[in-house]
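Residue-level listing of the chains:
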Amino acid sequence: MNDLPIRQMQICAAKDEIRSLNTLNQRYGLTLTEADISELVELRGEALRSTGRVEFGGGILPKLIRAFCKSPYVDRYNYAATLGDLQDAFYYFKNESEDRFSDDELIEFMEKVFNGTAHGASEVLTTISLEELCRWARNGFDDRYADEEAFW
Amino acid sequence: MNKLPVNSLPPEAQQRTLRQLYALMEKQVRSYTRHRHMGEHSSIPAELARDMIESISYTVGLAGGVAPGRDLEEALRLGQAILDARLQKAKDMLELVSATAPRWQTECRWEALGYLRRYLANYDPAHLAHKGPEGLFYPVPVPRPEGIQGMDCCNFYLQAMWIENQIMDAVPEEALGEFFRRLPVDTLNPCEPLLTNGLGKALLKTGIDPLVFTPEDHRRIGAIMAQSTEKTLQDAAERLARWLDLKNEPARAYVEAVIPRLTPWIGGENHTQGLENLFIS
């Protein structure tokens, strides 16, 4: 079977769902342009390929949008780029955790770290390990580990 | 994603089936993660997705496969009803095999039965229907039909073990007990050496009680084999079948399939030393 139509269906389903969330997020002053949506969906495809995963339906982006649109660190200038980073980080953590965490659990951890220790720096989430994510989500950042963190 | 045979469909039907497959996979992923108490997962590892598509393909295949105008989800439901019936049959067969097993067994055979019991308890006909008892190590002397998957594979082993029970049951209990006491502990499937000894006894025309060989048996069989023709072994095979007096067709077919495999070994050993290694003494 040619899996190209499947990929096209995935892209269409994801774009439709993200588009529908624009109305909801306008109240936070956040909107994704068609170009943003296309880029995010393309990045999603790359992230899935590189982590060896397959996604059906609208994917994880709508959930990430719902969770992070309320963050004080997300504004219309960094909205699309932040979502791109969060999406990358999500699939990485998902694979690392061998699916032991559900989508919602993982997003909750990411939200805690993003709004807490990382102060809205999405690149922090793309550089930390799963173990650090869990530890920081539970306890916040521990100064004893400061020397180990190159980005800090 | 190359198992569901949609390429034979006209282009429009192909597109429709693929759309249905996509929607079905979304539901299957949700149902799978719920079934495993994993919480909600929007994505799954590609390997698992391939397995789930293969499962759909296998299940839909049981219900006649894909066709223009056929709803994939409906076909999946029909296939799952067939699987449920086969699963029940396999569970009944497992109980039958357990209940009819002789009290002497090889360790490998007990383990195989335990493995099949665990397999049936954990079998997931809704999401991974094509998965057979892949970790099972139990050599059966009749060839497994090519391409069988899932429950069919489990049923093949259970059917073989049930037949073996009948063969062992056809041997007088005392003779069987003595045979198992002399059987090397690392024997995997006891039925093949049992039929080998039975065939040897049929060559000697002494009956299958006792089933084990004596030094005198070895000497005599060596002399018979030195002058044997192909017909000598054929006659012995027929005699063994009469002695075992198996009542049902699958059991007779099993013996008929195994004996031609054994005769070249026995026929090839025309000296006493080789025969001593072949028969349980």
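Residues numbered from 1 in each chain as written. Chains lettered and ligands numbered in written order. Predicted model: local features only at pLDDT ≥ 70, side-chain atom pairs only at ≥ 80, totals over all residues. Heavy atoms only, no water.

Visitor: Any details on the interface of chain B and chain A? Residues and values, ideally.
Guide: Contacts between chain B and chain A engage 23 residues on the former and 24 residues on the latter. Viewed at the interface, chain A and chain B are joined by one salt bridge. Notably, a salt bridge pairs Lys63(A) with Glu40(B), separated by 3.0 Å at the nearest N-O pair. Of all the elements in the fold, those that place two or more residues in the side of chain B that touches chain A are α1 (11-35), β1 (43-45) and α2 (46-62) of chain B. With eight residues, the single largest contributor to the side of chain B that touches chain A is α1(B). (Contact = heavy atoms within 4.5 Å. Salt bridge = Lys/Arg side-chain N within 4 Å of Asp/Glu carboxyl O. Helix = DSSP H or I, 4+ residues; strand = E, 2+ residues; numbered from the N terminus.)

Visitor: Run through the packing of helix α4 (residues 107-122) of chain B against helix α5 (residues 150-169) of chain B, naming residues and quoting values.
Guide: All names here are of chain B. Direction vectors running N to C along α4 and α5 enclose 145°, while the axes themselves pass 11 Å from each other. The chirality of how α4 crosses α5 is left-handed. Every residue of α5 that contacts α4 at Arg109, Ala112, Leu113, Leu116, Tyr119 and Leu120 is listed here: Gly150, Met151, Cys154, Tyr157, Leu158, Met161, Glu164, Asn165 and Met168. (Axes fitted to C-alpha atoms, helices over the stretch in contact; angles between N-to-C directions. Left-handed = near helix turned anticlockwise from the far one by under 90°.)

Visitor: Residue-level account of the packing of aromatic side chains, with values.
Guide: Residues and elements named next belong to chain B. On inspection of all chains with the given rule, the structure shows 10 aromatic pairs over all chains. Taking 5.5 Å as the distance between ring centres and 45° as the angle between the ring planes, the aromatic pair formed by Tyr119 and Tyr123 counts as tilted. Residue class for Tyr123 comes out buried when judged on its relative accessible area of 8%. Considering the side-chain rings of Phe179 and Phe180, the 5.9 Å spacing of their centres and the 90° angle between planes classify their relative orientation as edge-to-face. For the residue pair Phe179 and Phe180, the accessibility class agrees, reading buried in each case. The residue whose ring lies beneath Lys201 is Phe213, and the NZ or CZ to ring-centre distance is 5.2 Å. (Phe/Tyr/Trp six-rings, centres within 6.5 Å; stacked < 30°, edge-to-face > 60°. Buried < 20%, exposed > 50% of the residue type's maximum accessible area, 1.4 Å probe, protein only. Lys NZ or Arg CZ within 6 Å of the ring centre and 35° of its normal.)

Visitor: Any chance you could break down the nonpolar core for me, citing the residues and the numbers?
Guide: Ranked by size, the top nonpolar core spans 64 residues in total, and within it Leu120(B), Met151(B), Leu158(B), Ile167(B), Leu195(B), Leu244(B) and Tyr254(B) carry the most contacts. Looking at this core, the elements with two or more residues in it are α3 (72-100), α4, α5, α6 (173-182), α7 (191-204), α8 (215-226), α9 (230-244) and α10 (249-268) of chain B. When residues of this core are assigned to their parent elements, the largest contribution, 11 residues, is made by α5(B). Membership of the second largest hydrophobic core comes to 41 residues, among which are Val41(A), Leu48(A), Leu125(A) and Leu133(A). (Core = buried A, V, L, I, M, F, W, Y, C linked by side-chain atoms within 4.5 Å.)

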